[in-house]
Amino acid sequence: MPEHTTLDATLLSLLACPQDKGPLQLVHAADGSTLLYNPRLRRAYPVEGGIPVLLIDEARDVTDAEHDAFTGAQSDI
């Protein structure tokens, strides 16, 4: 299972979704992976080795259950 990754709060505040240019939330998926989540579009971007991968083609849609989990229990930065 992957380790939980954290991002510096300043870095997280500067990052934006490449699709709608809005803010992202740092969340952890059920499999332990770290993601940057856009709740407006329900899209999740991977964080690989502590590096956010903010490519539209690398993002994935999330399920309703994942969306509820991500927005109901936001991760610590």
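Here's what I pulled together on the structure shown here. Here the structure is a predicted model, which means the values were calculated and not measured.

Quick look at the pattern of salt bridges
- Inspection of the entire model under this criterion finds four salt bridges.
- For Asp61, the salt bridge is made with Arg43, and the minimal N-O distance between the two is 2.9 Å. Note that Asp61 is positioned in strand β5 (residues 60-61) and Arg43 in strand β3 (residues 43-48), a separation of 18 residues in sequence.
- With relative accessibility at 53%, the residue Asp61 sits in the exposed group.

Points about the environment of Leu26
- Assignment of secondary structure puts Leu26 in strand β1 (residues 25-28).
- On the accessibility criterion, Leu26 (3% relative accessible area) is buried.
- Sequence separation between Leu26 and Phe70 is 44 residues; the distance between their C-alpha atoms is 8.9 Å.

Conventions used here
- Residues numbered from 1 in each chain as written.
- Predicted model: local features only at pLDDT ≥ 70, side-chain atom pairs only at ≥ 80, totals over all residues.
- Heavy atoms only, no water.
- Salt bridge = Lys/Arg side-chain N within 4 Å of Asp/Glu carboxyl O.
- Helix = DSSP H or I, 4+ residues; strand = E, 2+ residues; numbered from the N terminus.
- Buried < 20%, exposed > 50% of the residue type's maximum accessible area, 1.4 Å probe, protein only.

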